[in-house]
Amino acid sequence: MNPKFKNILHSLGIYHPLQSQYRNFVFHVKRLFFKISFFSYKGHGFTCNVCQQQYFRFVDDWPTSENKNALSTHNVIAGYGKNIICPNCLSNARERLVIAMLQHHINIENKKILHLSPEKNVYQYLQSKSQVDTADLVPGFYKNIDKQIKTEDATAFSFADQSFDLVVANHILEHIPADLKAMSEIYRVLKKGGFAILQVPYSETISVTIEESLIENPARQSALFGQKDHVRIYQLNDYISRLEQSGFIVSKISYKELSTFHKNAIQLDETFLDIKKPY
Ligand SMILES: [Zn+2]
């Protein structure tokens, strides 16, 4: 979008509501398109853990030409590949992994939960079980998911210490320049014994995390990090060290150990991080 036009929409306060409407429109167009080609997915082998439909394959999703070089060069596990999007509810593999963990690994009955940059399907599942606060630095994007969403900076929450049993910030920290500050804020607002779901794109083949915290150049960010608003690609063990440095206890659950959930078409080869605040 032309930056001048974007600024006008911003000054009128309608940029984010329009973005939100646009996303809704794209969602419905995609859904209609997949409905027409539904027969080419329907079958057995995979079950969507959001809408319970069964398929022999999900829709593939590949990165754009601007993003693909950085992701393939560094072997980044970033939510792309074969069997990513449900042709019925349009849930993606990242959401289905989190939902599988919420269904089978983390108790969320009657808890207090903070969900940052809420994804629709994860939010609806959390809300069916617990009390959920949602928040984002730019909440306008998410008003169609939760009208009550709060404006919050993840590096300086307004929430009191030990307010939540669970914080969900799925694929968020790679956007935040001061990620250590955000990790320590998440730690602060969690109750003792609480969980955090903080999946990020990562690589196991790079030797160090690649980052430029102060970068503000979408084209370069795509070329370097594989998305126009990312500021880093984490090296997996370095990411875990940063979480541990913030006080968390972290253990890896490998893709192999997640075999029960392969039928839900989760991301191929993705490790889930079990992240706890100690008692
Ligand atoms: Zn589905």
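Provided above is the structure to which this section pertains.
Residues numbered from 1 in each chain as written. Predicted model: local features only at pLDDT ≥ 70, side-chain atom pairs only at ≥ 80, totals over all residues.

### Focus: the overall build of the chain
Scanning the chain from N- to C-terminus turns up eight helices and 14 strands. Dimensions of the chain, computed from C-alpha atoms along their principal axes, come out at roughly 50 × 50 × 40 Å. Classification of the 279 residues of the chain by burial places 41% in the buried group. Pairs at least 24 residues apart make up 64% of the contacts formed inside the chain by residues separated by at least 6 positions. (Helix = DSSP H or I, 4+ residues; strand = E, 2+ residues; numbered from the N terminus. Buried ≥ 20, exposed ≤ 12 C-beta atoms within 10 Å, placed from the backbone. Contact = placed C-beta atoms within 7 Å.)

### Quick word on the packing of helix α3 (residues 65-73) against helix α7 (residues 218-225)
In the contact formed by α3 and α7, the axes pass within 6 Å of each other and the chain directions differ by 35 degrees. Residues E66, N67, N69 and A70 of α3 form the contact with α7, whose participating residues are S222, A223, L224 and F225. Looking at the contact of α3 with α7 residue by residue, the classes come out as four nonpolar, three polar and one charged. (Axes fitted to C-alpha atoms, helices over the stretch in contact; angles between N-to-C directions. Nonpolar A, V, L, I, M, F, W, Y, C, P; charged D, E, K, R; others polar.)

### As for helix α2 (residues 15-36)
Over its 22 residues, α2 extends 32 Å from the first C-alpha to the last, a length consistent with the 32 Å expected when each residue adds 1.5 Å. Buried residues are scarce in α2, accounting for zero of its 22 residues. (Expected span 1.5 Å × (residues − 1).)

### What to know about the sheet that holds strand β9 (residues 190-197)
The sheet built from seven strands is open, its strands ordered β7-β6-β5-β8-β9-β14-β13 with mixed pairing. Lying at the two open borders of the sheet, with one neighbouring strand each, are β7 (150-151) and β13 (249-253). Note that strand β8 (residues 164-168) and β9 share four bridges and pair parallel. Residue pairing in the sheet places V168 in a bridge with I197 of β9. (Pairing = 2+ DSSP bridges.)

### A short note on the sheet that holds strand β12 (residues 232-235)
Ordered in space as β10-β12-β11, the three strands form an open sheet in which the pairing is mixed. One side of each edge strand has no neighbouring strand; the edge strands of this open sheet are β10 (202-203) and β11 (210-211). Helix-sheet contacts for helix α8 (residues 236-245) involve β10 and β12, and the interaxial angle to β12 is about 90 degrees.

### Quick word on the environment of S130
Within the secondary structure, S130 sits in the loop between α5 (120-127) and β6 (131-136). Through-space distance from the C-alpha of S130 to that of N83 is 30 Å; in sequence the pair is 47 residues apart. Setting aside chain neighbours within four positions, we find S130 in contact with I108, E109, N110, K111 and I113.

### Section: the packing of helix α4 (residues 93-104) against α5
Contact geometry of α4 with α5 gives a least axis separation of 9 Å together with a crossing angle of 15 degrees. Taken together, α4 and α5 sit at an angle that is classed as roughly parallel. Crossing angle aside, the handedness with which α4 passes α5 is right-handed. On α5, the residues that touch E95, V98, I99 and L102 of α4 are N121, V122 and Y125. Of the residues belonging to the contact of α4 with α5, the class tally is five nonpolar, one polar and one charged. (Parallel < 35°, antiparallel > 145°, perpendicular 65-115°, else oblique. Left-handed = near helix turned anticlockwise from the far one by under 90°.)

### Digging into the pairing of strand β1 (residues 42-47)
When a strand is regular, its side chains alternate between the sheet's two faces. Of the strand pairs in this sheet, β1 and strand β2 (residues 54-55) are connected by three bridges, and their pairing is antiparallel. Each bridged residue has a counterpart across the sheet, and for K42 the counterpart in β2 is Y55. Counted along the chain from β1 to the antiparallel partner β2, the turn is six residues long, and its residue Q52 has a positive phi close to 70 degrees.

### Here we look at α7
Inspection of α7 places Q221, S222, L224 and F225 among the buried residues, and these make up the whole buried set. On its buried side, α7 packs onto α3, β11 and β12. A positive phi of about 85 degrees marks G226, the residue just after α7.

### Things to note about the environment of F248
Summarising the element assignment, F248 is placed in the loop between α8 and β13. Beyond its immediate sequence surroundings of up to four residues, F248 is in contact with Y187, A196, L243, I275, K276 and K277.

As far as function goes, none of this settles anything; it's purely spatial.
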